[in-house]
Structures are given as C-alpha cells and as structure tokens.
Amino acid sequence: MALGLLGLGALGIVSGRHAQSALSSFLEPIQLRDPTGLTSLLPLGDTFRFYSVTGGVPIRDATTYRLEISGLVDRPTVLTLADLQAMPQTDLVRDFQCVTGWRVPRVHWSGVRLSTVLDRAGVQPSGRTLRLSSFDGTYTDSLTLDQARLPDVLVALKMLGGDVTHDHGGPVRLYVAPMYGYKSVKWLSGIEVTDAVVPGYWEHRGYDVDGFVGRSNGRGIDERT
Ligand SMILES: Nc1nc2c(c(=O)[nH]1)N[C@H]1C(S)=C(S)[C@@H](COP(=O)(O)O)O[C@H]1N2
Ligand SMILES: [Mo]
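Basis of the calculations
- Per-chain numbering applies: the sequence of each chain, read as written, is numbered from 1 onward.
- As they are written, the chains are lettered A onward and the ligands numbered 1 onward, keeping that order.
- Given that the model is predicted, a residue must reach a pLDDT of at least 70 before its local features are reported, and side-chain atom pairs must reach 80 or more before they are shown or counted; all residues, however, enter totals for whole chains, interfaces and linings.
- Note: side-chain values were computed over all heavy atoms of the structure, leaving out hydrogens and water.
- Salt bridges, as used here, are contacts in which a Lys or Arg side-chain nitrogen is within 4 Å of a carboxyl oxygen on Asp or Glu.
- Each helix is a run of H or I in the DSSP string that is no shorter than four residues. Each strand is a run of E no shorter than two, and both are numbered from the N terminus.
- Using a 1.4 Å probe on the protein chains alone, a residue whose accessible area is under 20% of its type maximum counts as buried, one over 50% counts as exposed, and one in between counts as partly exposed.
- Any pair of residues with heavy atoms lying within 4.5 Å of one another is described as a contacting pair.
- Two rings from Phe, Tyr or Trp (for Trp, the six-membered ring) form a pair when their centres are within 6.5 Å of each other. A pair whose planes differ by under 30 degrees is stacked, one over 60 is edge-to-face, and the rest are tilted.

The name given to the protein in an unreviewed UniProt entry is Oxidoreductase molybdopterin-binding domain-containing protein, with Nocardioides panacihumi as the source organism.

1. A look at the pattern of salt bridges
Two side chains with opposite charge may pair up if their charged atoms get near one another. Counted by the stated rule, this structure contains 6 salt bridges. For the salt bridge of Arg149 with Asp119, the shortest nitrogen-to-oxygen distance reads 3.0 Å. Here Arg149, found in the loop between α5 (145–148) and β7 (153–159), pairs with Asp119, found in helix α4 (residues 114–121); they are 30 residues apart in sequence, far enough to count as distant. For Arg149, a relative accessible area of 34% puts it in the partly exposed group. Look at Asp119 and you get partly exposed, because its relative accessible area is 46%. In this structure, Asp141 and Lys183 form a salt bridge, with 3.2 Å as the shortest nitrogen-oxygen distance. Of this pair, Asp141 sits in strand β6 (residues 140–144) while Lys183 sits in the loop between β9 (173–176) and β10 (188–194), placing them 42 residues apart in sequence.

2. Comments concerning the environment of Lys183
Accessibility expressed as a relative area gives 0% for Lys183, which makes it buried. In this structure Lys183 touches Asp141, Ser142, Leu143, Leu174, Val176, Glu203, Val209 and Gly211, once residues within four positions along its chain are discounted.

3. Here we look at the packing of aromatic side chains
Summed over all chains, the structure comprises 12 aromatic pairs. Seen from their ring centres, Phe48 and Trp102 are 5.9 Å apart, and the 70 degrees between their planes marks the pair as edge-to-face. Taken as a pair, Phe48 in the loop between α2 (16–23) and β1 (67–71) and Trp102 in the loop between β3 (90–97) and β4 (103–113) lie far apart in primary sequence, 54 residues in all. Accessibility classification places Phe48 together with Trp102 in one group, the buried group. Relative to Trp202, the ring of Tyr201 lies with its centre 5.1 Å away and its plane at 85 degrees, an arrangement referred to as edge-to-face. Accessibility classification places Tyr201 together with Trp202 in one group, the buried group.

In structure tokens form, the structure reads like this:
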C-alpha cells in the first residue's frame, strides 16, 4: 500500500505546494511505513497514519512491558501489562485528530483512566505537571495534572477493536481524547510527576503545550492546507 501511494505521489497528485511541505523538516512526516511522509498529504480519507519520530521501535510484550510512575509521588510504581489489565477499564468512542489535518471519526478506545494510574502512585501536593515518555527512546510530551485527570484521558490498552498494535504504539499508548494526536504518546513507558511543564518533543518544535482540539495550533493547520 505504501508503495502504491508513493506511486500516486510520483504521478503528480501531490501538488507542488504540498510536495514542498513534505520536505519541510519541521512537520511530523516520519512514518513507519512511509519515511517520506507523502501519504499524509494525499487524500487518503478517514484513516490512521503510523507516526514515529524514530526509525525503529523495540517490541515490548506482556512479559517485557513496564510503565514506570516516578517523580513527585508517594509510591514510585512500576506496572506490568497484567497490572494495567487488572485495573478498572474505561471504554470511549471518540475521534482522533492530528494537528496536520487528518482525522479518524468514532474510534473505539479502551484502557485505564490516567487519573486512576496516578492515584495508584499517589501524587504529592507539589506535583503540578506530567512528563510522559516513550520506549522509542525519543518521544516525550507533557500534561498539566488538571488535564491528565480529565475522564477521557486514557492509558489505552485497546483501540480499533483490538489490542493496541505495535505500529499504533502498543502494547500501551496514551489517548488524550480532547487534544490533538501529538499528545497521545505511543509506546508509553514513563510518567514522571513534575512541578512545572517540560515541553515535549513537538512542543519543543512549536506545537502548543495545551493541545486542545479547536483551541490551539490553528497556525499548524493553515500552513498545511
Ligand atoms: N512515541 C511517539 N508517539 C507519538 C508520535 C510519535 O512520533 N512517537 N506521534 C504523535 C502524533 S503527531 C500523532 S498524530 C499520533 C499518531 O498516532 P498513530 O501513529 O497511531 O496514527 O501519535 C502521536 N504519538
Ligand atoms: Mo499528529
């Protein structure tokens, strides 16, 4: 499929302006199945892309996956996949929207509320913010504690009707329903409670820390359409 799409791009369906966008290193075009990022600029319709800012991501499974909760907590905690599966699960059907313009409507998600995970470790009064990290070794993001405790922010174990696949950030990714996709850290491995925001990977490169859909990053969308 990726080859076919690149073929279309070569036939000129990508306009000059879009092709130029694809070459801009500022955007987020690095994809597991599409290193050039051209597919994100083609009219694919309502489908997910597979984003990764790194070239390869190690596989972690039920035996090797760990989620570490650290920083300003009463009980530094390490959770396995089985630990997360044993906690109360929340189901959501919500859209997924990337700030670059693509959007997948009515995606089924399931997992543990981030606030439930935080309660397990016990956030100290000095805790204000979270630094989220990925076992890809590079990607990070941030949330305020108020944002993290919204009921539609999940440590997601399932999406699209099955376990979160490796390409979608499995076995465990974040899903921040009210915000753009870059807040939904894939291959989630670390939650550090901090006292101030440490801007994440894309935030460091210009995206808003408060990534609420419709209330931020308008510039990003305009530039790409
Ligand atoms: N670890 C990691 N998480 C990430 C990203 C990434 O490159 N690496 N990209 C983000 C962006 S910009 C989007 S839109 C979504 C895309 O999710 P998908 O790859 O499942 O479509 O993942 C987000 N989480
Ligand atoms: Mo995105």
